[in-house]
Amino acid sequence: MTHSSEEQFAGTPSGRKARDLGIDIGTLPSGPRNAITDVAGVRVGHTTLISGDGELVRGEGPVRTGVTVVIPTEEPWKRPVFAAPHRLNGNGEMTGLEWVRESGLLTSYIGLTNTHSVGVVRDALVAHEGTTRPAGEDYWSLPVVAETWDGALNDLNGFHVRPEHVEAAIASAHGGHVAEGSVGSGTGMIAHGFKGGIGTASRVIADVDGGFTVGVLVQANHGRRDRFTVNGTLIGPRITLPSDAETGGAEVPDARFTTQLPEGSGSIIVIVATDAPLLPHQCARLAQRATFGIGRLGGAGENGSGDLTLCFATGSGDIPAGFSEGKAPVSFPVTALSNDRIDPLFYAAIEATEEAIMNAMLASDTMVGINDATRYGLPHDQLLHLLSQ
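Keep in mind the model is a prediction, meaning the values are calculated, not measured.

**Thoughts on the pattern of salt bridges**
Enumeration over the complete set of coordinates arrives at 18 salt bridges. Its salt-bridge partner being Glu98, residue Arg101 comes within 2.9 Å of it at the nearest N-O pair. One end of the pair, Arg101, and the other, Glu98, are both in helix α2 (residues 97-103), three residues apart, so they sit about a helical turn from each other. The class of Arg101 is partly exposed, set by a relative accessible area of 45%. Look at Glu98 and you get exposed, because its relative accessible area is 60%.

Spelled out as C-alpha cells, the structure:
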C-alpha cells in the first residue's frame, strides 16, 4: 500500500516543529514555512510505503520505507547550480559526488531512500530526465542519491522501492509546507534511539548581511540515546520509554544481528539549500558547518554512521549547463558572496540543521515494523518537562 503525503505537504503546518512547541533552537528567525522550501524554487516530494505487520517474510514485508526527492531547480541538467558535499563519517553512500566535486555543479534532482534501493532510485532519476529531453537526444546523467539503513523496521531486502515510486515522488513535489517524520525515505528511520525520519527547517539572516535564506532537509537515522542533548540539556537517558524495563534504557536490539546493535550505528543525510550567491568552495564550507548542528544534539559521526551533507546555492545567476557542443559561452558572469560576509550563513546552516533533526523526531510517532520491532516516538510531554527544569 502506498500512502501519499501530498495533502500534508501542501496543506497547513503540522504544529509539531520544535518552535511550535516553544523550543527555540538558536537565535535566527526561520522562514515563513521553516522548511527547505523557503529557498525559492526548491520543491520536495515523498512516496511513503507502509504495508503488512508481524513476522518478516522477505519480499512480502512488513514494509516501512519510501522515497523522497528534492528538486533544487527546474531541470537542473539544463540549469545547474553551484554545489559541494562534505563527509563527517563515510559509512554511507551518496552517488554522483565525484562529478559534483569536479565540476562544482549539481545537475540532477536529489533522491533519498533506503540503503538497498539506491540503484533503483538512481536509475529512475536518469530515466525521468530522459522524458524531459527531445526524443533521440543523447545524454548522460550522474544523479545524486543518498541513503540510510531502515532494516530495523523494514523488509529492506525485499526491494519494495520501484521506479514508479520515484516518479510519484517527483510528480508530488511541491513548494510550501513539507511533510515530516515517518514519510517518504524517512519512513523506517531511527534517530538517537527514538523514531526518526524526515525533518526540515530554515533560517533567514539579517538584511545587513544580505537577507539570505538557508533551508535544510535531513533524513535522520543516527545517534545514541545516551548522548541526545537539546539546548545543552541531556535528554536521552532521562526519557522513560515502555521498553526500558526490558532493555535498561539501552538501544533496542536490531533485526540485523543476533546481538545488540552497537549504539551510534546509523546515518544521517543533510541537504542544505540557500539563495545566497555562493561559489562551490563556499558551498563546501556551508556543508561542513551543517555537521555542527548534528553535533549540538549529540551526534558524533560514529564509526558505524554514514553522515553526509550536500549544499547547493541558487543565487549566483544563470550557469551554462555544459556539454552543448558549440553553444557554451567562453565565459559567463557570476555573482559571488565575499568570504568575509559568510559567517551569518554558517550560523544559519548550523541552527537549521539542528532544528531539522529535532523536527524529524518530534513529527515521528511510534512505529511497529518487522517482527513487531518497535521504535518509540520522542515523548513531547517528557521532553518539555525536562527542558523546563
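**Overview of the confidence of the model for the protein**
Overall, the prediction assigns the protein a mean pLDDT of 93, with 92% of residues at 70 or greater. With pLDDT under 50 throughout, residues 1-9 is counted as low confidence; its partners more than four residues away or in other chains account for 25 contacts. Scored below 50 in pLDDT, residues 253-259 makes eleven contacts in the model with residues more than four places away or belonging to other chains.

**Here we look at the pairing of strand β10 (residues 197-204)**
Along β10, seven of the eight residues are buried, which leaves the element largely enclosed by surrounding structure. The sheet contact formed by β10 and strand β11 (residues 213-223) spans eight bridges and is antiparallel. Within β11, the position partnered with Thr200 by the bridge is Leu217.

**Concerning the packing of aromatic side chains**
For any pair of aromatic rings, the description consists of the separation of the ring centres together with the inter-plane angle of the planes. The tally for this structure, following the rule as stated, stands at three aromatic pairs. On the numbers, 5.1 Å between centres and 55 degrees between planes, the contact of Trp77 with Tyr109 is tilted. Here Tyr109 lies in the loop between β5 (105-106) and β6 (110-114) and Trp77 lies in the loop between β3 (63-71) and β4 (81-90), a separation of 32 residues in the sequence. With respect to class, Trp77 is no different from Tyr109; both count as buried. One residue, Arg289, lies across the ring of Phe346, its end atom 3.9 Å from the ring centre.

Calculation criteria
- Residues numbered from 1 in each chain as written.
- Predicted model: local features only at pLDDT ≥ 70, side-chain atom pairs only at ≥ 80, totals over all residues.
- Heavy atoms only, no water.
- Salt bridge = Lys/Arg side-chain N within 4 Å of Asp/Glu carboxyl O.
- Helix = DSSP H or I, 4+ residues; strand = E, 2+ residues; numbered from the N terminus.
- Buried < 20%, exposed > 50% of the residue type's maximum accessible area, 1.4 Å probe, protein only.
- pLDDT = per-residue confidence, 0-100.
- Contact = heavy atoms within 4.5 Å.
- Pairing = 2+ DSSP bridges.
- Phe/Tyr/Trp six-rings, centres within 6.5 Å; stacked < 30°, edge-to-face > 60°.
- Lys NZ or Arg CZ within 6 Å of the ring centre and 35° of its normal.

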